[in-house]
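# Structural overview for review
Residues per chain, in single letters:
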Amino acid sequence: MIFPNYYETTLEQWISDRYRINNIIHPEDLDLDRISDAFLVDLQYDQCPPFSDNEDRVIFLNKKDPYPIARMVFFHELCHVLRHAGDQRRMNKLFRDGQEADAKAFMLYASMPYYMISQLDIPENQSDAIYYLAKTFRVPPKLAKQRLLQIQRRELQSTLMLSQTPIAGEVLIDVPAETQIYAYYDPAGNLEYPSQLILHIDEHTLHTCDELLFSIDDSLAHIDESELQAFANCQPVLSDDLDYKDGKFSLKLGQLTSRYRYAAQSFVIQMKELKTVMEFHGAYCT
């Protein structure tokens, strides 16, 4: 199997870069202790449920867990240590769910990096390929299947995009160099308010500003469904990343850069997150 049109997400690229810097090149290099050292994380084994502490940068694994299961748990917890802040036991469900979704994506990328997969002679038969990946990367077959299907879907999507010929007069959107906010209105939804906001934040703003102020009004540029692909790697913004005062939203850039380690510049805000923030501050969408 070969995937010539597969593209890595920003998160994948960040993981791959860290691995390569630390000479983690081949599947056999994905030793948990070696990865822990590369990311300056303390790895401990004990007879306890696995957990992590992002402040102390420590991961505890249950030494009785089968090794493939322990690897899944390790990569999941590694994401929490490297990319997340706060105690999940004390945070609201939306924020906790966002961290868990990020950890699941991280686990797939970190346990089976694409730059390693691309160098392998993967069998053409799907079942054989899943078994081969599971054995090579020492992960459960379920995880290997999930990663293979993810790669195949993205490969297909990229191939289809490359095969499409732009319609005469069609304007294709490019990711902007400067900070820009777009409003997307779902045709099947309530057209009074956008269903999503797409934000691209320039590097200078991410590195020098604590917040980004914006409002939902007609001044926002509109984006349609065919243009969303330019922002396929958007990372989610949650209600805890937002504040609201005097009719304006404040996006807490410090929280985003802490969570994503400057590895993301494009973000998506669901309307439900904006409503949650407005309601918390006693404002409501009419």
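Below is a short write-up of the structure. (Residues numbered from 1 in each chain as written. Predicted model: local features only at pLDDT ≥ 70, side-chain atom pairs only at ≥ 80, totals over all residues. Heavy atoms only, no water.)

Looking now at the side chain of E12. By secondary structure assignment, the location of E12 is in helix α1 (residues 10-21). Of the polar contacts made by the side chain of E12, one reaches the side chain of Y6; its length is 2.9 Å. Residue contacts for E12: discarding those within four places in its chain leaves Y6, Y7, Y109, Y114, R147 and R154. (Helix = DSSP H or I, 4+ residues; strand = E, 2+ residues; numbered from the N terminus. Polar contact = N/O pair within 3.5 Å; in protein donor to acceptor, adjacent residues only side chain to side chain. Contact = heavy atoms within 4.5 Å.)

Within this structure, the stated rule accounts for 3 salt bridges. As a salt-bridge pair, E12 and R147 come within 3.0 Å of each other at their nearest N and O atoms. With E12 in helix α1 and R147 in helix α7 (residues 141-163), this residue pair connects regions lying 135 residues apart in the sequence. In this structure, E12 and R147 share a single accessibility class: buried. Across the salt bridge formed by R259 and D241, the nearest N and O atoms sit 2.6 Å from each other. Placement of the pair is R259 in helix α9 (residues 253-260) and D241 in the loop between β8 (235-237) and β9 (242-245), with a sequence separation of 18 residues. For R259, a relative accessible area of 5% corresponds to the buried category. For D241, a relative accessible area of 0% translates into the label buried. (Salt bridge = Lys/Arg side-chain N within 4 Å of Asp/Glu carboxyl O. Buried < 20%, exposed > 50% of the residue type's maximum accessible area, 1.4 Å probe, protein only.)

Before going further, it helps to spend a moment on the packing of aromatic side chains. A complete count under the given rule lists 7 aromatic pairs for this structure. With a centroid separation of 6.1 Å and 70° between ring planes, the pair formed by Y19 and F39 is classed as edge-to-face. Of this pair, Y19 sits in helix α1 while F39 sits in the loop between α2 (32-38) and β1 (42-46), and the two are 20 residues apart along the sequence. Take Y19 and F39: they sit in the same class, and that class is buried. Ring centres of F74 and F75 lie 5.2 Å apart, and the angle between their planes is 75°; this geometry places the pair in the edge-to-face category. Feature note: the residues W14, Y19 and F39 constitute an aromatic cluster, connected by ring pairs. (Phe/Tyr/Trp six-rings, centres within 6.5 Å; stacked < 30°, edge-to-face > 60°.)

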